Amino acid sequence: MSIAVLPMSVEYGWDNATIGIVQSSFFWGYLLTQIAGGVLADKIGGKKVLGFGVIWWSVATAFTPIAASMGTPALLLSRACMGIGEGVAMPAMNTMLSRWVPKKERSRSLALVYSGMYTGSIAGLALSPGLIAMFGWSSVFFIFGSLGVLWFTAWWGKSESTPSEDPKITEGERSYILANTTARVQETLSVSEVCRACRPLCQANVDTIPWKLLLSKPQVWAIITCHFFHNWGTFILLTWMPTYYSQELGLNLQESGFYSVLPWIVMALMANVGGWLADTMVEKGVSVTRVRKIMQTIGFLGPAFFLTRLSGVSTVWGAVGCMCCSQGLDAFSQSGLYCNHQDIGPRYSGVLLGISNTAGVLAGVLGTAATGYILEAELSTCSSYTRVVQARLPPA
């Protein structure tokens, strides 16, 4: 959408404020299903929830051009419906990872899975300009929506929610995974690895959701706060980067798409580097808590530094360099924030991610829409973008 919105805004006469609303409308639906997706994934399994989400958002994606032709309200509704489907994906994936991945492999496994999302962004940003040039902007939505349905048909028969349900793995594999995941691992961790206050989250009955217990833990609120500030910067870059290249640096559609791809390539690579470093530290005896703090500190301070450098950049490669460094260091959050749900409450990792990602999506809604209004209100585009990226500085 961040590429297609450029020709769409010309065709429909949108200003920056309208572009911001259109792009943020996805997050309206995405916000609604975070917690519900986590609850359902923890209760009925991540496979069913993720499968539903893929089909839902693929159909909504394909419907987007039709909705746009019906008017802006219909487009906003269509984008929100797409968000509803995508909203269950991360909680469902987190639940499946907590059931399948042993503790010592958690960081690099999660980084590898999440780098698939970055690869999707890379493919979308790289292919969209060419598709738009050949077939028009509506082709992007029809083709990508169809690919989602095809992916689902290939994936459904090869995936299971838990090792216990998978008939294709050996008994040795199943025994190893079950012995090194969820509560069985947590019961053997030292106090330095998982604080004593979080032990009830590992031992609670999976058939019920202990909302009061979850929300009473300061560790949970720390994750929620962290997720909000992380996503404020990430979603602004995801939705506004091509527009920045177009309006601030004067690049055309093809050039904007090309340069927008580079930071996500760096992010996909660095996510796996960060995962390997984190797991290596855990294997060498560094406490899980310390590892998560180190990785998240890099994931916050690195992007904050490089994004604030944009105010002094006037060249394309200077801007691309800042964004590549920002996104590359941001990827270390995959081994910090995004692993922490499984560390403190593996039985409820889907619910915990749903709760924290709700706050993160709220940041996406507010940040994406606010960026459009800032750009529209300010006479100087350069100073506007500077103000936007400086808002990513983490809280003291």
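Presented here is a report on the structure given in the accompanying data block. Small disclaimer: the values here were computed from a predicted structure and weren't measured.

Quick look at the overall build of the protein
Summing up its helical and strand segments, the protein has 19 helices and 0 strands in all. Relative to all contacts within the protein whose residues are 6 or more apart in sequence, the contacts with residues 24 or more apart total 79%. Carbon together with sulfur atoms contributes 67% to the accessible area of the protein, which is approximately 16,000 Å² in total.

Here's the deal with a nonpolar patch on the surface
A contiguous nonpolar surface patch, about 650 Å² in accessible area, is contributed by Phe63, Ile66, Met70, Phe142, Ile143, Leu147 and Leu150. Those elements that place two or more of their residues in the nonpolar patch are helix H4 (46–70) and helix H8 (138–156). Among the elements that make up the nonpolar patch, the one with the highest residue count is H8 (4 residues). Here phenylalanine 142 is to be found in helix H8.

Considering helix H1 (residues 5–12)
Taken together, the buried positions of H1 are Val5, Leu6, Pro7, Met8 and Ser9. Where H1 ends, the next residue or the one after it, glycine 13, has phi of about 70 degrees, a positive value.

Topic: the pattern of salt bridges
Going through the model one piece at a time under the given rule, you end up with 8 salt bridges. A salt bridge links arginine 106 to aspartate 343; its shortest N-O distance comes to 2.9 Å. Separated by 237 residues along the polypeptide, arginine 106 in helix H7 (residues 106–135) and aspartate 343 in helix H17 (residues 337–344) bring together distant segments of the chain. Comparing arginine 106 with aspartate 343, the two get one shared label, buried. A single salt-bridge network, built from bridges that share partners, covers Arg106, Arg292 and Asp343.

Re the state of the cysteines
In total, this model carries 0 disulfides according to the counting rule given. Take cysteine 324: it sits in no disulfide, and the sulfur closest to it among the cysteines is that of cysteine 325, at 7.0 Å. Relative accessible area serves as the criterion here: at 14%, cysteine 324 is assigned to the buried category.

Points about the side chain of serine 9
Looking at where serine 9 falls in the secondary structure, it is placed in helix H1. A residue is classified by how much of its surface remains accessible, and serine 9, at 12% relative accessible area, is buried. Among residues more than four places away in sequence, those in contact with serine 9 are Trp14 and Ile19.

Considering the packing of aromatic side chains
Applying the stated criterion across every chain yields a total of 18 aromatic pairs. Taking the centre distance of 6.1 Å and the plane angle of 85 degrees together, the rings of tryptophan 137 and phenylalanine 141 count as edge-to-face. The burial state of tryptophan 137 is the same as that of phenylalanine 141; both residues are buried. A connected cluster of aromatic rings, assembled from ring pairs, spans Tyr244, Tyr245, Phe258, Tyr259 and Trp317. Positioned above the aromatic ring of tryptophan 156, the side-chain terminus of lysine 47 is 4.4 Å from the ring centre. The ring of phenylalanine 305 carries the charged tip of arginine 309 above its face, separated from the ring centre by 4.9 Å.

Side note on the packing of helix H2 (residues 16–32) against helix H5 (residues 72–87)
It is the contact of H2 with H5, at a shortest axis distance of 6 Å, that shows an interaxial angle of 40 degrees. The angle between H2 and H5 places the two elements in the oblique class. In terms of crossing hand, the pair formed by H2 and H5 is right-handed. Taking contact as the criterion, the partners of Ile21, Val22, Ser25, Phe26, Trp28, Gly29 and Tyr30 in H2 are, on H5, Leu75, Leu76, Arg79, Ala80, Met82, Gly83, Ile84, Glu86 and Gly87. Tallied by class, residues from the contact of H2 with H5 come to 10 nonpolar, 4 polar and 2 charged.

Describing the nonpolar core
Ranked by internal contacts, the top residues of the largest apolar core, which has 49 residues, are Met8 and Tyr245. Here methionine 8 is in contact with Met1, Gly13, Trp14, Ala68, Leu75, Trp137 and Phe141, once residues within four sequence places are set aside. Phe26, Ala92, Val220 and Ile223 belong to the second-largest nonpolar core, a separate cluster that totals 46 residues.

Procedures and definitions
- Throughout, residues of each chain are indexed from 1 in the direction in which the sequence is written.
- For a predicted model such as this one, the threshold for reporting local features is a pLDDT of at least 70, and the threshold for listing and counting side-chain atom pairs is 80 or more; totals across whole chains, interfaces and linings nevertheless cover every residue.
- Processing note: side-chain calculations cover all non-hydrogen atoms of the structure and skip hydrogens and water entirely.
- Here a helix means four or more residues in a row that DSSP labels H or I, a strand means two or more in a row labelled E, and each is numbered from the N terminus.
- Residues count as neighbours in contact if any of their non-hydrogen atoms are within 4.5 Å of one another.
- Working definition of accessibility: Shrake-Rupley area with a 1.4 Å probe, residue cover restricted to the visible protein chains.
- By definition, no residue in a patch forms a salt bridge, and every one has over 30% relative accessible area; like charges are joined within 9 Å, nonpolar side chains (Val, Leu, Ile, Met, Phe, Trp, Tyr) within 5 Å.
- We count a salt bridge whenever a side-chain nitrogen from Lys or Arg sits within 4 Å of a carboxyl oxygen from Asp or Glu.
- Buried, partly exposed and exposed residues are distinguished by accessible area as a fraction of the type maximum, computed with a 1.4 Å probe on protein chains only: under 20%, between the cut-offs, and over 50%, respectively.
- In what follows, a disulfide is any cysteine sulfur pair within 2.5 Å.
- Stacked, edge-to-face and tilted labels apply to pairs of Phe, Tyr and Trp rings (six-membered ring for Trp) whose centres lie within 6.5 Å, assigned for plane angles under 30 degrees, over 60, and everything in between, in that order.
- For a lysine, the NZ atom is tested; for an arginine, the CZ atom; a charge sits over a ring if that atom is within 6 Å of the ring centre and within 35 degrees of the ring normal.
- Convention adopted: a line fitted to C-alpha atoms gives each axis, helices being fitted over their contacting stretch, and angles between N-to-C directions are expressed from 0 to 180 degrees.
- Orientation is classified from the angle alone, with under 35 degrees giving roughly parallel, over 145 giving roughly antiparallel, 65 to 115 giving roughly perpendicular, and any other angle giving oblique.
- The handedness criterion is simple: a crossing whose near helix is rotated anticlockwise from the far helix by less than a right angle is left-handed, and one whose near helix is rotated clockwise is right-handed.
- Residues are grouped as follows: nonpolar covers Ala, Val, Leu, Ile, Met, Phe, Trp, Tyr, Cys and Pro; charged covers Asp, Glu, Lys and Arg; every other residue, Gly included, is treated as polar.
- Residue types Ala, Val, Leu, Ile, Met, Phe, Trp, Tyr and Cys, when buried and joined through side-chain atoms within 4.5 Å, form a set referred to as a nonpolar core.

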